[in-house]
Amino acid sequence: MKVKAIYPGSFDPITNGHIYIAERAAAIFDEVVVSVLLNERKTSAFSVEERCEMARESLAHVKNITVDSFNGLLVDYVHQKNAGVIIRGLRAMSDFEYEFQMALMNRQLAPEIETFFIVTDPKYSYVSSSSVREIFHFGGTVKDVVPSNVYERLKRLR
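Residues numbered from 1 in each chain as written. Predicted model: local features only at pLDDT ≥ 70, side-chain atom pairs only at ≥ 80, totals over all residues. Heavy atoms only, no water.

Trainee: Is there a simple way to think about the environment of Leu-73 in this case?
Mentor: Residue position: Leu-73 is located in the loop between strand S3 (65-70) and helix H3 (74-80). You can call Leu-73 partly exposed: its relative accessible area is 47%. Considered as a pair, Leu-73 and Asn-106 are 33 residues apart in the sequence and their alpha carbons are 9.2 Å apart. (Helix = DSSP H or I, 4+ residues; strand = E, 2+ residues; numbered from the N terminus. Buried < 20%, exposed > 50% of the residue type's maximum accessible area, 1.4 Å probe, protein only.)

Trainee: Help me understand the side chain of Arg-51, please; the structure alone is not making it clear to me.
Mentor: When you line up the elements, Arg-51 lands in helix H2 (residues 48-59). Buried charged residue Arg-51 carries no salt bridge. Nearest counter-charge: Asp-12, at 4.2 Å. Non-local contacts of Arg-51, meaning those with residues more than four positions away in its chain, are made with Ser-10, Phe-11, Asp-12, Val-36, Leu-37, Ser-44 and Phe-46. (Lys, Arg positive; Asp, Glu negative; His and termini not counted. Salt bridge = Lys/Arg side-chain N within 4 Å of Asp/Glu carboxyl O. Contact = heavy atoms within 4.5 Å.)

Trainee: Would you take a moment to explain unusual backbone geometry for this structure?
Mentor: Among all residues except glycine, the phi angle is most often negative; among peptide bonds, the trans geometry is most common. Put simply, Asp-12 and Pro-13 share a cis peptide bond, and its omega is 5°. Of note, Pro-13 is situated in the loop between strand S1 (4-9) and helix H1 (16-28).

Trainee: Could you clarify how one ought to interpret the packing of aromatic side chains in this entry?
Mentor: Between two aromatic rings, the relevant description is the distance of the centres plus the angle of the planes. Taken as a whole and judged by the stated rule, the model has seven aromatic pairs. Pairing Phe-136 with Tyr-151 gives two aromatic rings, centres 6.2 Å apart and planes at 85°, and the pair type is edge-to-face. Taken together, the residues Phe-136 in helix H5 (residues 129-137) and Tyr-151 in helix H6 (residues 148-157) connect sequence positions 15 residues apart. The class for Phe-136 is buried, based on a relative accessible area of 5%. With a relative accessible area of 16%, Tyr-151 lands in the buried category. Grouping aromatic residues by their ring pairs yields a cluster made of Phe-96, Phe-100 and Phe-117. (Phe/Tyr/Trp six-rings, centres within 6.5 Å; stacked < 30°, edge-to-face > 60°.)

Trainee: Please clarify how the packing of H2 against H6 should be interpreted in this entry.
Mentor: Geometry of a packed helix pair, given as the angle between the helix axes and the separation of the axes. The contact between H2 and H6 brings their axes to 8 Å, and the two run at 150°. By the angle class used here, H2 and H6 are roughly antiparallel. Contacts between H2 and H6 involve Glu-50, Glu-53, Met-54, Glu-57 and Ser-58 from the former and Asn-149, Val-150 and Arg-153 from the latter. Tallied by class, residues from the contact of H2 with H6 come to two nonpolar, two polar and four charged. (Axes fitted to C-alpha atoms, helices over the stretch in contact; angles between N-to-C directions. Parallel < 35°, antiparallel > 145°, perpendicular 65-115°, else oblique. Nonpolar A, V, L, I, M, F, W, Y, C, P; charged D, E, K, R; others polar.)

Trainee: It is not clear to me how the sheet that holds strand S2 (residues 31-37) should be interpreted in this structure. Could you clarify?
Mentor: The five strands are arranged S3-S2-S1-S4-S5 in an open sheet whose pairing can be described as parallel. The open sheet has two free edges, formed respectively by S3 and strand S5 (114-119), since each of these has just one partner strand. Across this sheet, the average inter-strand angle for adjacent strands is 30°, counted without regard to direction. As paired elements, S2 and S3 share six bridges and run parallel to each other. When the sheet's bridge partners are listed, Ser-35 is paired in S3 with Asp-68. The sheet contacts of H2 involve S2 and S3, and relative to S3 the element is tilted by about 170°. (Pairing = 2+ DSSP bridges.)

Take a look at the structure:
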């Protein structure tokens, strides 16, 4: 039996920390779908199409990863994709508290879906998409924390 996992997130933009989690998940599960969330209540730096394209380019080297987008309830999307696992990355204890609550809520909604936590490499423990956008906006360097294709896209925003 093949196990499909969904790795959801806004990925605005995708970072090397996200890539690390996706690669680790791909080494564990038969298929991983990196799923870009379309959250209409949030203003994004990049469109969902751009975020998907950056993720595809950044993860092209991993054969059992595909990229998709979704909106609505995550558990509904997981069912739609015939997956059984949700991947969540953890950087710090503060992430754990939030992710633990979300995992329990998802279990309440769909007890057959498992949440699998993957701890990031310590060198990415401080990296988030929002910090990348803010640092870049104020002229700081983010070249070492995002894939090169993402860095090129960020430069076009200036």
